[in-house]
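A structural walkthrough
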Amino acid sequence: MNIREAVLDDLPTICVLGEDINAMHHRAEPHVFAPCGDPLRHREHWAATVAQANATTFLAADADRVVGFITVSVVEEVHSLLQPMRFGRIGSIGVTSDHRGRGVGRVLVAAAQEWAETRGCVEVRLTVGAFNKRAARLYEELGYEVRSMLLVRSFA
């Protein structure tokens, strides 16, 4: 497994992998997540985390085929009610269906954590949908813990 930082030429590949994540989220919560469409419509979204000063995307490749990605950024939190903190935020992680369960996610998370730590971050945060039990289990195995919960009451 080869891990490398993405470049702008990788955007079409990232868009396709991102569309797979979108499809999974849409199936679980169609009232929240948009239906699938042209993967390139999200090009601008993914470009915001490719080779930026405070954000990057890592790709996992098996031979010459990209089989996963993860986005990570640095957040400077300054709020009167909170301790000032610099932390990493994992935004999205996706692994092709034929490579899930083979350690790709673990390697990508490790790359994101190392990247954040080398930039002075004191922790890494991420959000996972309640429906995504498999991902939640992985994050718990990697030492992540629940710090807060988002609760929703729908009016529809």
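Our structure's up above, just so we're on the same page.
Residues numbered from 1 in each chain as written. Predicted model: local features only at pLDDT ≥ 70, side-chain atom pairs only at ≥ 80, totals over all residues. Heavy atoms only, no water.

This part takes up the packing of aromatic side chains. Aromatic ring pairs are described here by two measures, namely the spacing of the ring centres and the angle between the planes. Scanning all chains against the criterion turns up two aromatic pairs. Measuring from centroid to centroid gives 5.2 Å for Trp46 and Phe69, while their planes differ by 90°, and the two rings are edge-to-face. Residue Trp46 is located in helix 2 (residues 43–47), and its partner Phe69 is located in strand 3 (residues 65–77); the two are separated by 23 residues in the primary sequence. Each ring, one from Tyr139 and one from Tyr144, has its centre 6.0 Å from the other, and the planes form 65°; the classification is edge-to-face. Since its relative accessible area comes to 8%, Tyr139 is described here as buried. The ring of Phe87 has Arg125 sitting right over it, with the charged end atom 3.7 Å from the ring centre. (Phe/Tyr/Trp six-rings, centres within 6.5 Å; stacked < 30°, edge-to-face > 60°. Helix = DSSP H or I, 4+ residues; strand = E, 2+ residues; numbered from the N terminus. Buried < 20%, exposed > 50% of the residue type's maximum accessible area, 1.4 Å probe, protein only. Lys NZ or Arg CZ within 6 Å of the ring centre and 35° of its normal.)

To continue, consider helix 3 (residues 104–118). Taking 1.5 Å of rise per residue, the 15 residues of helix 3 would be expected to cover 21 Å, and the 21 Å separating its terminal C-alpha atoms lies within 8% of that figure. Looking only at helix 3, the buried set comprises Val104, Gly105, Leu108, Val109, Ala111, Ala112, Trp115 and Ala116. Angularly, the buried residues of helix 3 cover 155° about the axis, an arc narrow enough to put them on a single face. Residues of helix 3 that are exposed and angled more than 90 degrees away from the buried face: Glu114, Glu117 and Thr118. Of the surrounding secondary structure, the elements contacted by the buried residues of helix 3 are strand 1 (2–5), strand 2 (55–62), strand 3, strand 4 (85–95), strand 5 (124–126) and helix 4 (133–141). Of the residues flanking the end of helix 3, it is Gly120, one or two places downstream, whose phi is positive at about 85°. (Expected span 1.5 Å × (residues − 1). Arc of directions from axis to C-beta. Contact = heavy atoms within 4.5 Å.)

Counting residues in hydrophobic clusters, the biggest one holds 21 residues, and the most contacted among them are Phe58, Ile70, Ile90 and Leu108. Looking at this core, the elements that each hand over two or more residues are strand 2, strand 3, strand 4, helix 3 and helix 4. (Core = buried A, V, L, I, M, F, W, Y, C linked by side-chain atoms within 4.5 Å.)

Our focus in this paragraph is a nonpolar patch on the surface. Where nonpolar side chains cluster on the molecular surface, the patch consists of Val146, Met149 and Leu151 and spans about 410 Å² of accessible area. With respect to the helices, strands and loops of the structure, Met149 is situated in the segment after helix 4. What makes Met149 exposed here is its relative accessible area of 68%. (Patch = residues over 30% accessible without salt bridge, like charges linked within 9 Å, V, L, I, M, F, W, Y side chains within 5 Å. Areas by Shrake-Rupley, 256 points an atom, 1.4 Å probe, with all protein chains shown as cover. Salt bridge = Lys/Arg side-chain N within 4 Å of Asp/Glu carboxyl O.)

A few words on the side chain of Ser73. Looking at where Ser73 falls in the secondary structure, it is placed in strand 3. Of the residues examined, Ser73 reaches a relative accessible area of 19% and is grouped as buried. When neighbours within four sequence positions are excluded, Ser73 is seen to be in contact with Asn54, Ala55, Phe87, Gly88, Arg89 and Trp115.

What follows is about the pattern of salt bridges. Under the counting rule described, the total for this entry stands at 10 salt bridges. Residue Arg4 is joined to Asp10 by a salt bridge in which the shortest nitrogen-to-oxygen separation is 2.8 Å. Judged by relative accessible area, which is 9%, Asp10 ranks as buried. In this structure, Glu123 and Arg147 form a salt bridge, with 2.7 Å as the shortest nitrogen-oxygen distance. With Glu123 in the loop between helix 3 and strand 5 and Arg147 in the segment after helix 4, the pair connects residues that are 24 residues apart, well separated along the chain. By relative accessible area, Glu123 is classed as buried at 19%. Residue classification places Arg147 among the exposed positions, given a relative accessible area of 57%. When salt bridges with common partners are traced through the structure, they connect Glu77, Glu123, Arg125 and Arg147 into a single cluster.

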